[in-house]
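Notes for the structure review
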Amino acid sequence: MAIDVRIPTILRSYTGGAKAVTGAGDNLSELLANLDGTYPGLRGRLITPEGGLHRFVNIYVNDEDVRFLGSLDAKISDGDTVTILPAVAGGAFGLAAAAAVLGR
Amino acid sequence: MRIGRLVAVLTIHREIIEAIVAHARRDHPDEACGVVAGPVGSDAPARHIPMENAERSTTFYRFDSTEQLRVWREMDDLDEEPVVIYHSHTATEPYPSRTDISYAGEPNAHYLLVSTRDPQTAEIRSFRILDGQVSEEPVQLVGESMDAMRSYEENGDPHAVQSFMFGQSPAAVDYECQR
């Protein structure tokens, strides 16, 4: 089963410069494990040591942010496109303070 | 001065800066954010795209993830990339916070900060942020502003409506040890 995966500029060092790669899996967690087999280290940039989706990235299945689809449990089917983008965020506030206030 | 293949200066059309400052003023006291897209590899910001601040906060911004996907796909279809990613600080200096540095995920982008803390003068500074290291770069304006031209027609002074202040002291700050 082939899933088309779009890789952002900042992570292309893991894919030999490739902008799009293919992977396999029935959900996002399986897909990322599969991709990490081919492109070691990629998964570690997307998943925290605690096993959650990193707040610095957005991952989409087709047009939907996986945070609305069960995060790592998001179902994926043959022919789906998974897009990875760097989350664009920041601001004047310190990160720790912002995380506390925003509850994440 | 070069960082990798990139020339460390932001060259941008005056009208785009005016549009960014207008956006920041409009959303003040909330932080405003957006992108200026340009052809891949050109380092030439051409198309201003104001984005929603999904946080609607005076101290934090985040692109709405759905809007971001749409805009990033559109850039991809047009062979563009985000040449400038900008946001405003509304009560503090236009210098990247540790939050800004943690999130900086577009290695080819100029990170432009606008401070709207002074109601008359917008402070504008531009930075490269790579692997937690911040390098300030000068901002070079090109083109004549519509406002300035109108002003010139009205009172003969092409710079009468300028209210920008550019911080242009090159400086490198390494935040790596604090992450």
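You'll find the structure just up there.
Residues numbered from 1 in each chain as written. Chains lettered and ligands numbered in written order. Predicted model: local features only at pLDDT ≥ 70, side-chain atom pairs only at ≥ 80, totals over all residues. Heavy atoms only, no water.

**Overview of the overall build of chain A**
Looking only at helices and strands, chain A features two helices and six strands. Secondary structure of chain A in N-to-C order comes out as β-β-α-β-β-β-β-α. Here chain A holds 104 residues, and 45% of them are scored as buried. Long-range pairs, those at least 24 residues apart, make up 48% of the contacts in chain A between residues at least 6 apart in sequence. As displayed, chain A has an accessible area near 4,800 Å², and 51% of this comes from carbon and sulfur atoms. (Helix = DSSP H or I, 4+ residues; strand = E, 2+ residues; numbered from the N terminus. Buried < 20%, exposed > 50% of the residue type's maximum accessible area, 1.4 Å probe, protein only. Contact = heavy atoms within 4.5 Å. Areas by Shrake-Rupley, 256 points an atom, 1.4 Å probe, with all protein chains shown as cover.)

**Re the side chain of Arg128(B)**
Residue and element names in this part refer to chain B. When you line up the elements, arginine 128 lands in strand β9 (residues 122-130). For arginine 128, a relative accessible area of 2% gives the class buried. There is a polar contact of 3.3 Å between the side chain of arginine 128 and the backbone oxygen of alanine 109. In terms of polar contacts, arginine 128 uses its side chain to reach the side chain of histidine 110, at 3.0 Å. (Polar contact = N/O pair within 3.5 Å; in protein donor to acceptor, adjacent residues only side chain to side chain.)

**Looking at the interface of chain B and chain A**
Opposite the 27 residues of chain B that make contact, chain A presents 27 residues. Both sides of the chain B and chain A interface together cover about 2,500 Å² of buried area, and 56% of this is carbon and sulfur. Along the contact surface separating chain B from chain A lie two salt bridges. Between Asp76(B) and Lys19(A) there is a salt bridge; the shortest N-O distance is 3.1 Å. Of all the secondary-structure elements, those providing two or more residues to the side of chain B that touches chain A are β6 (61-62), α2 (65-77), β7 (80-89) and α3 (98-103) of chain B. Residue contributions to the side of chain B that touches chain A peak at six residues, all from α2(B). Examined bridge by bridge, strand β6 (residues 89-90) of chain A and β6(B) share two bridges and lie antiparallel to one another. The residue bridging Ala89(A) from the neighbouring strand is Arg62(B), located in β6(B). (Buried area = accessible area lost by both parts, 1.4 Å probe. Salt bridge = Lys/Arg side-chain N within 4 Å of Asp/Glu carboxyl O. Pairing = 2+ DSSP bridges.)

**Things to note about the pattern of salt bridges**
All names here are of chain B. The tally for this structure, following the rule as stated, stands at 13 salt bridges over all chains. Put simply, glutamate 93 and arginine 125 hold a salt bridge, and the shortest N to O gap is 3.6 Å. Of this pair, glutamate 93 sits in the loop between β7 and α3 while arginine 125 sits in strand β9; the two residues are 32 residues apart in sequence, bridging distant segments of the chain. Measuring nitrogen to oxygen at the nearest pair gives 2.8 Å for the salt bridge that ties glutamate 136 to arginine 125. Of this pair, glutamate 136 sits in strand β10 (residues 133-137) while arginine 125 sits in strand β9, and the two are eleven residues apart along the sequence. Arginine 125 shares its class with glutamate 136; the two are buried.

**Topic: the packing of aromatic side chains**
All names here are of chain B. Evaluated as defined, the whole model comprises five aromatic pairs over all chains. When the centroid spacing of 5.0 Å and the interplanar angle of 80 degrees are considered together, the rings of tyrosine 95 and phenylalanine 127 count as edge-to-face. Pair noted here: tyrosine 95 is in the loop between β7 and α3 and phenylalanine 127 is in strand β9, with a separation of 32 residues, a long-range link. Judged by relative accessible area, which is 13%, tyrosine 95 ranks as buried. When the centroid spacing of 6.2 Å and the interplanar angle of 75 degrees are considered together, the rings of phenylalanine 164 and phenylalanine 166 count as edge-to-face. For phenylalanine 166, a relative accessible area of 24% corresponds to the partly exposed category. (Phe/Tyr/Trp six-rings, centres within 6.5 Å; stacked < 30°, edge-to-face > 60°.)

**Side note on unusual backbone geometry**
Residues and elements named next belong to chain B. Along the chain, histidine 28 connects to proline 29 via a cis peptide bond; the corresponding omega equals 10 degrees. Inspection of the secondary structure puts proline 29 in the loop between α1 (14-27) and β4 (33-39). The phi dihedral of aspartate 131 is positive, around 50 degrees, even though this residue is not glycine. Relative to the helices and strands, aspartate 131 resides in the loop between β9 and β10.

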